[in-house]
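Structural description and commentary
Here is what each chain is made of, one letter per residue.
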Amino acid sequence: MATRTWQRPSKGWWDRPAGRWAIGITIVVYLVIALQAIDINFARIARGWARLFEVGVGTQTEVVGQKIGEILRGLGESLAMAVIATPLGILLAIPIGFGAAHNVSTKWVYYICRSITVLSRGFHEIVIAILLVKMVGFGPLAGVLTLAIATVGFYGKLFAEAIEESDGSVREAVQASGAGWLQQMVFGIIPQVKPRMIGLGLYRLDINVRESTVIGVVGAGGIGATLETTFDRYEYVASAVILALIIGLVFALEAGAGWIRRRYL
Amino acid sequence: MMKTWQKRNRGEAIRSWIGWMIFIIALSAAWAPIARETQWEFLPTAPREGIDLLSRMFPPKWSIFPTLLKPLMDTIHIATLGTGLAVVLAFPLCWLAAGNTTPHKSLRYLALFIIASSRSISSFIWAFVFVMIVGPGMLAGILAIAVRSVGFMAKLSYEAIEEIAPEPVEALEAMGASRAQVRAFSILPQVVPAMLGICVFRWDINVRESAVIGYVGGGGLGLLLNSAINALYWREACLILLLVFALVLISEAVSAKLRARIAEW
Amino acid sequence: MPILKITGLEKKYATGDLALRGVDLSIDAGEIVAIIGPSGAGKSSLIRCVNRLVEPTAGSIEIDGIDVVSLSGSQLREQRSRIGMIFQSFALVDRLSVMENVLCGALSRTGFWASWFRKFAEGDVDRALTLLEKVGLSDHVNKRADALSGGQRQRVGIARALLQKPLLLLADEPTASLDPKTSKEVMTILRELVTEEGLTTIVNLHDVPLAKACATRIVGLSAGKVVFDGPPSELTEAVWETIYGEPEMAG
Ligand SMILES: Nc1ncnc2c1ncn2[C@@H]1O[C@H](COP(=O)(O)OP(=O)(O)OP(=O)(O)O)[C@@H](O)[C@H]1O
Ligand SMILES: [Mg+2]
């Protein structure tokens, strides 16, 4: 008997030779189009590199010395904004989350709450910050409100998903004992989703701390403005110090969050 | 004597009480600098400012729409090329970072450090770094998006690698397959769906970020937003914001569809 | 000369558990040895020491005259390629097809890129198809492994191990995850194939009647020591008690 052969059957059009070629060519064509759009300015890159080495490290470290107070204050402000905005945002997000969970909400409330979360997530923190700075003026209050609004969209959506995934029979049992809607939520839903609520809150705190270091660029408080200035002036040692401090802050925060998860979850 | 029912035992009650105390102290400590730095006199005028802003934004200036198409494409290019570059960097990194595939402990810690640093800094700050080195434009945006995404993708991927079923790996090792073969035949098939999902998920986030990263020099729609706002052309800014909003919604829908397909594959 | 010669084998886990306390065992070519014993007796540890999935603490293991304990790197891989293994949990790669799983048995003699592009040697492909026929899976060649039933999955595991053309076949409770009827079917297929190829086999079994029916020799293990070694016919009630520490249950 002749030896039999075997070929792995294709899993779809993309797995056949023609499909593979089509995908490969599409990628190459896309790369060509996209890379042409980039318009790289080599002279500027060379200048950028050159300037990195022009500024002496001696003066650079002096700058750090002069600015260290401002840096620490800015970083503290960033952290403070995140610490205030996270619980504030979660407080606002909890009712919206209930409203946006289709299994515990009514049709109209559902659509309204979903729209709020979509609206909040559709706009980047930077955009929200720009608008709020126009409304309440420069400073950390605009930052706190920005982060709180962003938290509402993020937390509201994921909290609603957690409620939708919760076990409905628990709530039915509570309902069967004659409890009202609020009691059903408090005794039938919250106990189930509480660990997820805490986990999401810690996660959002983490995100808010990172974002709080950025929105200062548009005047919403925190380290952002200081950081931008150091980059504009090629004070890159100062920039590096700030980046290292931010990384350190996020590390410390993650360690703290891990501790809380182990202890309270 | 009447028996009383208590929800918690004493130790737990104390622990929860301490938790709340720490929470309240943190809140008041964070509030002090924010209250000090905020210009409260602007707060009462905020609603009026808000209405004023809206009246200046609407109706959006539809006539500039054609000029937004190229920046819109640029935005998508920034997100896609940035994600692509990040994939190329994150793929080797995640094998170094996963405890079950790393060639050496010290390499693992190095990889984990790179991942954590990449994740701690927001893409806007990475954009500052690259604007300083390569000048403002799409390239800076792409690099910033890529560097921020590397940590994100590598983290989720190495966690997926660590969660695989160990039995098939052991089976292939037991029959004398080489290390590369063990990975290609027993680890990779298990993590490919997760990795694809992670790429799509990050692309979606990156569209959101690249839509505004031009605000700090990264090219795309954000660049126009910046100049429109600086020139107080609010009706143009409004149209750009609407476009960003639509882009974010569409990319989110596309990403959700794709990820659902990948998950059931 | 025996194919497998184990002398003074000891295994102490990092946790301090003494799983094997001096096991001596010599197995000749073509024997089908069933290892029985209560849970925790060290059956898995013994079998896994043979292909070094578990590192022995002391003692020596010789396969076909080669000392396995001292091997490392590519030599260990080569030695492992000559030992087939069948797992209780099947250990198949769920997302690969049945055929791909079976072809994994030929990986050690296939280069990386050849295996990546699924260009296995003609002989291996042919033999894989023959083995799939013999285990009754001809109709499922291109199905994904996770679309099969437990019994079918274990038959894929058997075909994969046999494709290695091993010198020695190890099976660690191959039927423990299956229902009694399927267990019997799978063991019958395994026994037929092994006899046909004259393959030396060691199989851990919980089910003593099944072990008696399938094996040519029975080894009783208790608390890390060999307490019985002989043909199935010598496995009397008294022996049963020394292995399991309690009399055989009626029925
Ligand atoms: N990886 C390990 N780490 C620590 N101790 C282990 C490990 N594997 C097995 N042991 C211990 O070694 C002893 C023997 O275990 P082994 O798995 O070899 O028994 P077994 O006869 O196969 O049992 P079973 O019939 O339940 O599979 C047990 O006490 C077990 O707890
Ligand atoms: Mg066992």
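The model shown is predicted, which means the values in this text are computed figures rather than measured ones.

**Quick notes on the interface of chain B and chain A**
In this assembly, 61 residues from chain B lie in contact with 57 residues from chain A. Residues Arg119(B) and Glu254(A) are paired through a salt bridge, measuring 2.8 Å at the closest nitrogen-oxygen approach. Across the chain B-chain A interface, the total number found is eight residue pairs in polar contact (both at pLDDT 80 or more). Here the side of chain B that touches chain A takes 10 residues from helix 1 (residues 10–37) of chain B, the largest share from any one element. For the side of chain B that touches chain A, the residue count by class is 41 nonpolar, 10 polar and 10 charged.

**Focus on the confidence of the model for chain A**
Looking at chain A as a whole, its pLDDT mean stands at 86, while 97% of the residues score no less than 70. Predicted confidence in chain A is weakest over helix 2 (residues 42–54) of chain A, with a mean pLDDT of 80, and strongest over helix 6 (residues 140–165) of chain A, with 91.

**Some words on the packing of aromatic side chains**
Within this structure, the stated rule accounts for 17 aromatic pairs over all chains. Taking the centre distance of 5.6 Å and the plane angle of 65° together, the rings of Phe154(A) and Tyr203(A) count as edge-to-face. You can see Phe154(A) sitting in helix 6 and its partner Tyr203(A) sitting in helix 8 (residues 181–212), a full 49 residues away along the chain. In this structure Phe154(A) comes out as buried when scored by relative accessible area, which is 16%. Every member of this aromatic cluster is reached through a ring pair, and the members are Phe98(A), Tyr155(A), Phe159(A) and Trp181(A). Over the ring of Phe152(B) we find Arg202(B); its NZ or CZ atom is 4.7 Å from the centre of that ring. One residue, Lys11(C), lies across the ring of Tyr13(C), its end atom 4.9 Å from the ring centre.

**A few points about the sheet that holds strand 6 (residues 83–86) of chain C**
All names here are of chain C. The sheet built from six strands is open, its strands ordered 6-7-8-3-9-10 with mixed pairing. The open sheet has two free edges, formed respectively by strand 6 and strand 10 (225–230), since each of these has just one partner strand. Averaged over all neighbouring strand pairs, the angle between strand axes comes to 20°, with direction disregarded. Across five bridges, the pairing between strand 7 (residues 168–172) and strand 8 (residues 200–204) is parallel.

**Some points on the packing of helix 5 (residues 125–136) of chain A against helix 2 (residues 46–57) of chain B**
It is at 7 Å that the axes of helix 5 of chain A and helix 2 of chain B come closest, and there the two elements cross at 125°. With respect to each other, helix 5 of chain A and helix 2 of chain B are oriented oblique. Judged by the sense of rotation from one axis to the other, the crossing of helix 5 of chain A with helix 2 of chain B is right-handed. In this structure, helix 5 of chain A contributes Leu131(A), Lys134(A), Met135(A) and Val136(A) to the contact, and helix 2 of chain B contributes Ala46(B), Glu49(B), Gly50(B), Leu53(B) and Met57(B). Here the residues of the contact of helix 5 of chain A with helix 2 of chain B sort into six nonpolar, one polar and two charged.

Conventions we followed
- Residues numbered from 1 in each chain as written.
- Chains lettered and ligands numbered in written order.
- Predicted model: local features only at pLDDT ≥ 70, side-chain atom pairs only at ≥ 80, totals over all residues.
- Heavy atoms only, no water.
- Contact = heavy atoms within 4.5 Å.
- Salt bridge = Lys/Arg side-chain N within 4 Å of Asp/Glu carboxyl O.
- Polar contact = N/O pair within 3.5 Å; in protein donor to acceptor, adjacent residues only side chain to side chain.
- Helix = DSSP H or I, 4+ residues; strand = E, 2+ residues; numbered from the N terminus.
- Nonpolar A, V, L, I, M, F, W, Y, C, P; charged D, E, K, R; others polar.
- pLDDT = per-residue confidence, 0-100.
- Phe/Tyr/Trp six-rings, centres within 6.5 Å; stacked < 30°, edge-to-face > 60°.
- Buried < 20%, exposed > 50% of the residue type's maximum accessible area, 1.4 Å probe, protein only.
- Lys NZ or Arg CZ within 6 Å of the ring centre and 35° of its normal.
- Pairing = 2+ DSSP bridges.
- Axes fitted to C-alpha atoms, helices over the stretch in contact; angles between N-to-C directions.
- Parallel < 35°, antiparallel > 145°, perpendicular 65-115°, else oblique.
- Left-handed = near helix turned anticlockwise from the far one by under 90°.

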